[in-house]
Amino acid sequence: MIRANDIIDKVADYYPAADFDIIRKAYAYSAYAHRNQVRLSGEPYMVHPIEVANILAEMKMDVASIAAGLLHDTLEDDPMTSIEDLSLRFGDEITSLVEGLTKISKIKFKSSREHQAENFRKMILAMVKDIRVLIIKLADRVHNMRTLDFQRPDRQTAIARETLDIYAPLANRLGISWMKQELEDNSLRYLEPAIFKELEEKVARKELESREFIERIIKIIHRNLDHYGIEGQVSGRLKHIYSIYRKMVRRNIAFEQIYDIIAFRILVDSKAECYNVLGMIHALWHPVPSRFKDFISMPKANMYQSLHTTVIGPEGRHIEFQIRTHEMHQVAEMGIAAHWHYKEGYQLDDHDRKQMDWLRQMIEWQQEVSSPGEFLDTVKIDLFSEAVYVFTPAGEVKELPNGSTPVDLAYAIHTSIGDHCTGARVDGRLVPLRYQLKNGEMVEILTSKRQHPNKDWLTFVKTSKARTKIRQWVKREEERRSIELGREMFEKAFVRNKLSFNRALKEGRLQEAAEAFSLKSVDALLSALGRGKLSPRQVLNRIFPELKKGGRKKGKKSEEKVEKKPARDGISIKNIDDVLVRFAKCCNPLPGDDVVGFVTRGRGLTVHRRSCRHVQQGNSERYVDVEWNLDRAGVHHVKIRVMCEDIKGMLVALGTAISSQDANITKGTLNTSIDRKAVCFFEIEVKDLEHLKKVKQALRAVKGVYQVTRIS
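Residues numbered from 1 in each chain as written. Predicted model: local features only at pLDDT ≥ 70, side-chain atom pairs only at ≥ 80, totals over all residues. Heavy atoms only, no water.

Undergrad: Go over the sheet that holds strand 20 (residues 677–686), please, and point to the residues and values.
TA: The strands that make up a sheet pair up through hydrogen bonds in the backbone, lying either parallel or antiparallel. In space, the four strands of this open sheet follow the order 19-20-18-21, with antiparallel pairing throughout. Of all the strands in the sheet, just strand 19 (664–672) and strand 21 (705–711) have a single pairing partner and so form its edges. This sheet shows a mean twist of 20° between the axes of neighbouring strands, independent of strand direction. Two elements, strand 18 (residues 636–645) and strand 21, share six bridges in a ladder whose sense is antiparallel. Looking across to strand 21, one finds that Ile640 is bridged to Arg710. Across the sheet, helix 28 (residues 650–660) lies against strand 18, strand 19, strand 20 and strand 21, angled at about 25° from strand 20, the strand it touches most. In the packing of helix 29 (residues 689–700) onto the sheet, contacts are made with strand 18, strand 20 and strand 21, and the angle to strand 21 comes to roughly 160°. (Pairing = 2+ DSSP bridges. Helix = DSSP H or I, 4+ residues; strand = E, 2+ residues; numbered from the N terminus. Axes fitted to C-alpha atoms, helices over the stretch in contact; angles between N-to-C directions. Contact = heavy atoms within 4.5 Å.)

Okay, here's the thing in structure tokens:
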């Protein structure tokens, strides 16, 4: 097992002036706190914090980070350890790091998804105060993944999935490539064990086969570097397993079909030499078109810099070259940890702060979303998307997720520009809002004060900021419309009962009614009316009890009749009357379907199937519960698709099958293909869902019919 002196020796190599007593003290404190604990492997628990501290020392982190790595589980696992005790012994800086790392264990979560999102939210919040929290957290996850064998299979899968979804992309965003690759490979090992083992064996064989080839290429490169008077280091390797797996999945190809599996890295002293070496490589071998990337002149968001090119080398084999300076390589391997500065307070300098701007943006957005799950979706979008770089008219470069549109760029510039975006000029030509931006394009956003966000924008925007801002505007606008609709309904109810709406408002009766229904304001009351949560009758009875008494004189029976009266075609709407009801043509609900009603200003109530895509995308607050009154007869239109053979008499057979179940055909179309297949569309009248099922069964019984589907 690693000892304190082993860690101290590593720190002394890169920071001789460090306070080693803090490391010894943290080591002793952690050993005592975990003295009675063992890991699932049977080893003393202390092995874990020591390994975490060792990883941090290998990353050349500061003393406070290494001490926090040793202490990171003490608050959670040792009941005798407190924040006050840690602060007294180790100071506020180390205590703050340990507190930021402490897991959320006392909160009851509704689902594993929410648990994951909440933990990640806390981690990001802590990270804004001190980026070292994330680096220690990643080191903790690296060691946990190295020892995942001892967990139950279901825990292995869950932890590996979380690592692949959250921690590996974070390591990538921070530019720590070795950590990203190790986390990805170990995640695949447990998520797809059979595939991982097969790839591991194939990569090992390929490495043996390619050893001579790699050495030959290295000699050629060295010979040419000497010819041009350039000093450089050359190395060759096979790509790591997860990157190979991802390429196989993305391109839907076998391992043997991946030609650029070998990558060479050339390290030189200056940026100018990088471009000289690139020219040398292209002079030696033919470059593959569209496989050149210049991340030196346009670095990635995590400040990664390198030249990438793929050429057709000896034996016709594809070879990838990465050309960078020694400094760029240090940043590529260690990310932000590569240029950590030891100074009072350990504040980030401007270079580091630029890297962390994306974290600050994420914090702003997470404060505007309502659920942990929504925040996690937001984070995943930003972490997994490849970047696209576009220019503003002022020449400023903007980085956006791949597939972003002018709307995403508009919101990236400013919320008000996004809210009033009408279109864009890309390289001087007008493009629609749905246009997907491409690298290097000059984009000018066009705005108008009369333009406002549209719910349809949510179907094509890519950035979390744009999505959040559009949802906020749509929600506010729907709330405003609900208030207007509620006021309109309420004023009509007052007129019907020969009462004054304005007088009741001035006398404070509406505010009293709002409070009686546990609502904060009159607007909230009107909104509830507009959304169908309350009926005008309910509120009027609360404001004017005499109306309720007058109604009872007519008999309880008549009151119940109004409340439960079927509105139309067997639909009952509890506590709402005098509402026009229609059925949505987008999903054609039938009696027996699970349905919901949507209140629309001036159009009454529209009934949808709950599975309808418009219901999924709409504001849930505008929907009201409705139910079928199956005692009330009626016919409903529904569309079906029949896939069948294109043979003589088929259309007659289909029509006969439908008619045999007492269903009427109102419309029908037939499309045929050259391979003697046919697709028929019918619009038919049925009584309910059971009736439709019988029709579908009759159609499936027809010889030559492949599939019968209800469609929207």
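Undergrad: Describe the pattern of salt bridges, listing the residues and the values that go with them.
TA: Going through the model one piece at a time under the given rule, you end up with 27 salt bridges. Residue Arg132 pairs with Glu93 through a salt bridge whose shortest N-O separation is 2.9 Å. Here Arg132, found in helix 8 (residues 132–146), pairs with Glu93, found in helix 6 (residues 83–101); they are 39 residues apart in sequence, far enough to count as distant. Residue Glu256 is joined to Lys202 by a salt bridge in which the shortest nitrogen-to-oxygen separation is 3.4 Å. Placement of Glu256 in the loop between helix 12 (241–251) and strand 2 (262–268) and of Lys202 in helix 11 (residues 193–227) is noted, with a sequence separation of 54 residues between them. Given a relative accessible area of 54%, Glu256 falls into the exposed group. Through salt bridges with shared partners, one network takes in Glu477, Arg480, Arg481 and Glu484. (Salt bridge = Lys/Arg side-chain N within 4 Å of Asp/Glu carboxyl O. Buried < 20%, exposed > 50% of the residue type's maximum accessible area, 1.4 Å probe, protein only.)

Undergrad: Which residues make up helix 8, and what values go with them?
TA: Helix length check: helix 8, at 15 residues, gives a terminal C-alpha distance of 21 Å against a target of 21 Å (1.5 Å per residue), a fit within 8%. Taking burial as the measure, the 15 residues of helix 8 include 13 buried ones, the bulk of the element. (Expected span 1.5 Å × (residues − 1).)

Undergrad: Break down the packing of aromatic side chains for me, with residues and values.
TA: Throughout the structure, instances matching the rule amount to 10 aromatic pairs. Note on Phe490 and Phe494: the rings are 4.9 Å apart at their centroids and 85° apart in plane angle, and the pair reads as edge-to-face. On the criterion of helical spacing, the pair formed by Phe490 and Phe494 is a turn pair, its members being four residues apart in helix 20 (residues 464–496). Exposure class is identical for Phe490 and Phe494. Each is buried. On the basis of an interplanar angle of 85° and a centroid distance of 5.5 Å, the ring pair of Phe494 and Phe501 is categorised as edge-to-face. Grouping residues by exposure puts Phe494 and Phe501 together as buried. The residue whose ring lies beneath Lys25 is Phe90, and the NZ or CZ to ring-centre distance is 5.5 Å. Taking the ring centre of Phe517 as reference, the NZ or CZ of Arg542 above it sits at 5.2 Å. (Phe/Tyr/Trp six-rings, centres within 6.5 Å; stacked < 30°, edge-to-face > 60°. Lys NZ or Arg CZ within 6 Å of the ring centre and 35° of its normal.)

Undergrad: Break down the sheet that holds strand 9 (residues 421–426) for me, with residues and values.
TA: Judged by pairing direction, the sheet is antiparallel, and its three strands sit side by side in the order 10-9-11 without closing on themselves. Lying at the two open borders of the sheet, with one neighbouring strand each, are strand 10 (429–431) and strand 11 (443–447). Going across the sheet, the axis of each strand differs from the next one's by a mean of 35°, ignoring polarity. Taken together, the three bridges between strand 9 and strand 10 define a ladder with antiparallel strand orientation. By the bridge assignment, Val426 is partnered in strand 10 with Arg429.

Undergrad: Quick rundown of the state of the cysteines? Include the residues and the values.
TA: With the rule as written, the count across this model stands at zero disulfides. Cys644 supplies the cysteine sulfur nearest to Cys680, a cysteine that is in no disulfide, at a spacing of 4.2 Å. What makes Cys680 buried here is its relative accessible area of 1%. (Disulfide = S-S within 2.5 Å.)

Undergrad: Quick one: what's the story with the environment of Gln322, residue by residue and with numbers?
TA: Checked against the element boundaries, Gln322 lands in strand 6 (residues 318–325). According to the relative accessible area criterion, Gln322 is buried, its value standing at 8%. In sequence terms Gln322 and Ser306 are 16 residues apart; their C-alpha atoms lie 6.3 Å from each other. If sequence neighbours within four positions are ignored, Gln322 has contacts with Arg237, Phe264, Arg265, Ile266, Tyr304, Ser306, Leu307 and His308. At 3.3 Å, the side chain of Gln322 forms a polar contact with the side chain of Glu320. (Polar contact = N/O pair within 3.5 Å; in protein donor to acceptor, adjacent residues only side chain to side chain.)

Undergrad: Which residues make up the packing of helix 3 (residues 47–58) against helix 8, and what values go with them?
TA: Helix-helix packing: each pair is described by the crossing angle between the helix axes and the interaxial distance. Contact geometry of helix 3 with helix 8 gives a least axis separation of 9 Å together with a crossing angle of 125°. With respect to helix 8, the element helix 3 is oriented oblique. Two packed elements cross with a definite hand, and for helix 3 against helix 8 that hand is right-handed. On the side of helix 3, the interface is formed by Val47, His48, Glu51, Val52, Ile55 and Leu56, while helix 8 contributes Ile135, Ile136, Ala139, Asp140, Val142, His143, Asn144 and Arg146. (Parallel < 35°, antiparallel > 145°, perpendicular 65-115°, else oblique. Left-handed = near helix turned anticlockwise from the far one by under 90°.)

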